[in-house]
Amino acid sequence: MDNDFPLNEEEIDGYVKIDRYNPEKVARIASHYNEILALLGEDPERQGLLKTPERVAKALQYLTHGYDVDPAAVLRDAMFEEEYSQMVVVKDIEVYSMCEHHMLPFFGKALVAYIPNGHIVGLSKIPRVIDIYARRLQVQERLTNEIRDCIQDTLNPVGVAVVIECKHLCMCMRGIQKQNSVTTTSAFTGEFAKERTRQEFLQLITASLG
Ligand SMILES: [Zn+2]
């Protein structure tokens, strides 16, 4: 499966929207960052930093643009009736998000599996749903559950499994834990919530996440 998120209409809409930053918000966030730079002991007037507050303001708006998109609507737009009833697995989905405690990035890979119950969804929509939730201030645990719930509530499959592995810069850079530690979270519904199915599933996918 292609790791690049394919551009689709929603995504284009998202970027169009993001290209039109709210100028008042940019100015207000930038003025705060101007002060933050000074409080950090920097000179906000030196050449390299002159445009930094504005860049940060735009970057933050981009990194949180998931608040403005409805992930369930993205799935509903690409649902098809289909009798296929075996497990569908989408793996190696890139995840980039920001922890809500430190506003530092966490990033890694996600795997989503579901067992259809009369409906399937366009495969590119699964990474898109992950991206919409990831572009908000998050904790990895909630991100995992939100993705699971959105797919379960919209697609109504026999079961959903979501596994996410991420490195958190708030852990790596602040030296609280081993630098290379990875956090794994998982969430299941339906068939996947049954102990035996889940164990088989986890054994099946462990190698592919490493
Ligand atoms: Zn953090």
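Here, the structure is the one placed above.
This structure is a prediction, so every number in the text was calculated from the model and none was measured.

Turning to the overall build of the protein, a few remarks are in order. Tallying secondary structure elements over the protein gives eight helices and seven strands in all. Split into buried and exposed, the 210 residues of the protein put 42% on the buried side. The contacts in the protein between residues at least 6 apart in sequence include a share of 70% that link residues at least 24 apart. Total accessible area on the protein is roughly 11800 Å²; 51% of this is exposed by carbon and sulfur atoms.

Strand order across the open sheet formed by five strands is β5-β2-β3-β6-β7, with mixed pairing between neighbours. Each end of this open sheet is capped by a strand with a single partner; those strands are β5 (137-138) and β7 (183-188). One ladder, built from nine bridges, connects strand β2 (residues 88-99) with strand β3 (residues 105-115); its direction is antiparallel. The residue bridging serine 97 from the neighbouring strand is phenylalanine 106, located in β3. The strands that helix α5 (residues 125-134) touches are β2, β3 and β5; relative to β2, the one it contacts most, it runs at about 15°.

With respect to the helices and strands, the residue threonine 154 is situated in helix α6 (residues 140-155). At a separation of 2.7 Å, a polar atom in the side chain of threonine 154 contacts the main-chain carbonyl oxygen of cysteine 150.

Once that is clear, we can look at the packing of α5 against α6. Remark: α5 packs on α6, axes separated minimally by 10 Å, with the N-to-C direction vectors making an angle of 135°. Here α5 lies oblique to α6, going by the angle between them. At the point where α5 passes α6, the crossing takes the right-handed sense. Contacts between α5 and α6 involve Ile126, Val129, Ile130, Tyr133 and Ala134 on the former and, on the latter, Leu143, Glu146, Ile147, Cys150 and Ile151.

Mapped onto the fold, arginine 135 is located in the loop between α5 and β5. According to the relative accessible area criterion, arginine 135 is buried, its value standing at 12%. Sequence-distant contacts of arginine 135, that is, excluding residues within four places in its chain, are made with Tyr62, Leu63, Thr64, His65, Gly66, Tyr67 and Tyr96.

Before going further, it helps to examine the pattern of salt bridges. A complete count under the given rule lists ten salt bridges for this structure. Of the charged contacts, one joins glutamate 54 and lysine 58 as a salt bridge, the two residues approaching to 3.4 Å between their closest N and O atoms. Pair noted here: glutamate 54 and lysine 58 are both in helix α3 (residues 52-63), with a separation of four residues, about one helical turn. We classify lysine 58 as partly exposed; its relative accessible area is 30%. One salt bridge in this structure joins arginine 142 and glutamate 100, with 2.7 Å as the shortest N-O distance.

Here we take up the coordination of the zinc ion. Of the protein atoms, only Cys99 (SG), His102 (ND1) and Cys170 (SG) coordinate the zinc ion, at distances of 2.1 to 2.3 Å. Read N to C, the donor residues that coordinate the zinc ion are spaced as C-x2-H-x67-C. Taken together, the residues span a long stretch of sequence, with histidine 102 in the loop between β2 and β3 and cysteine 170 in helix α7 (residues 169-172) at a distance of 68 residues. With a relative accessible area of 8%, cysteine 170 lands in the buried category.

Let us look at the environment of alanine 161. Counting through the fold element by element, alanine 161 comes out in strand β6 (residues 159-168). Taking relative accessible area as the criterion, alanine 161 reaches 0% and is therefore assigned buried. With 49 residues separating them along the chain, alanine 161 and valine 112 place their C-alpha atoms 5.7 Å apart. Leaving out residues up to four positions away in the same chain, alanine 161 has contacts with Leu111, Val112, Ala113, Ala187, Phe188, Phe192 and Phe201.

Once that is clear, we can look at the packing of helix α2 (residues 23-39) against α3. Across the interface, α2 lies against α3 with an axial gap of 8 Å and an inter-helix angle of 125°. Between α2 and α3, the crossing angle belongs to the class labelled oblique. At the point where α2 passes α3, the crossing takes the right-handed sense. Of the residues in α3, those in contact with Lys25, Val26, Ile29, Ala30, Tyr33, Asn34 and Leu37 of α2 are Thr52, Pro53, Glu54, Val56, Ala57, Lys58, Leu60 and Gln61. Here the residues of the contact of α2 with α3 sort into nine nonpolar, three polar and three charged.

Cut-off values and rules
- Residues numbered from 1 in each chain as written.
- Predicted model: local features only at pLDDT ≥ 70, side-chain atom pairs only at ≥ 80, totals over all residues.
- Heavy atoms only, no water.
- Helix = DSSP H or I, 4+ residues; strand = E, 2+ residues; numbered from the N terminus.
- Buried < 20%, exposed > 50% of the residue type's maximum accessible area, 1.4 Å probe, protein only.
- Contact = heavy atoms within 4.5 Å.
- Areas by Shrake-Rupley, 256 points an atom, 1.4 Å probe, with all protein chains shown as cover.
- Pairing = 2+ DSSP bridges.
- Axes fitted to C-alpha atoms, helices over the stretch in contact; angles between N-to-C directions.
- Polar contact = N/O pair within 3.5 Å; in protein donor to acceptor, adjacent residues only side chain to side chain.
- Parallel < 35°, antiparallel > 145°, perpendicular 65-115°, else oblique.
- Left-handed = near helix turned anticlockwise from the far one by under 90°.
- Salt bridge = Lys/Arg side-chain N within 4 Å of Asp/Glu carboxyl O.
- Donors = N, O, S within 2.8 Å, 3.2 Å for Na, K, Ca; no water.
- Nonpolar A, V, L, I, M, F, W, Y, C, P; charged D, E, K, R; others polar.

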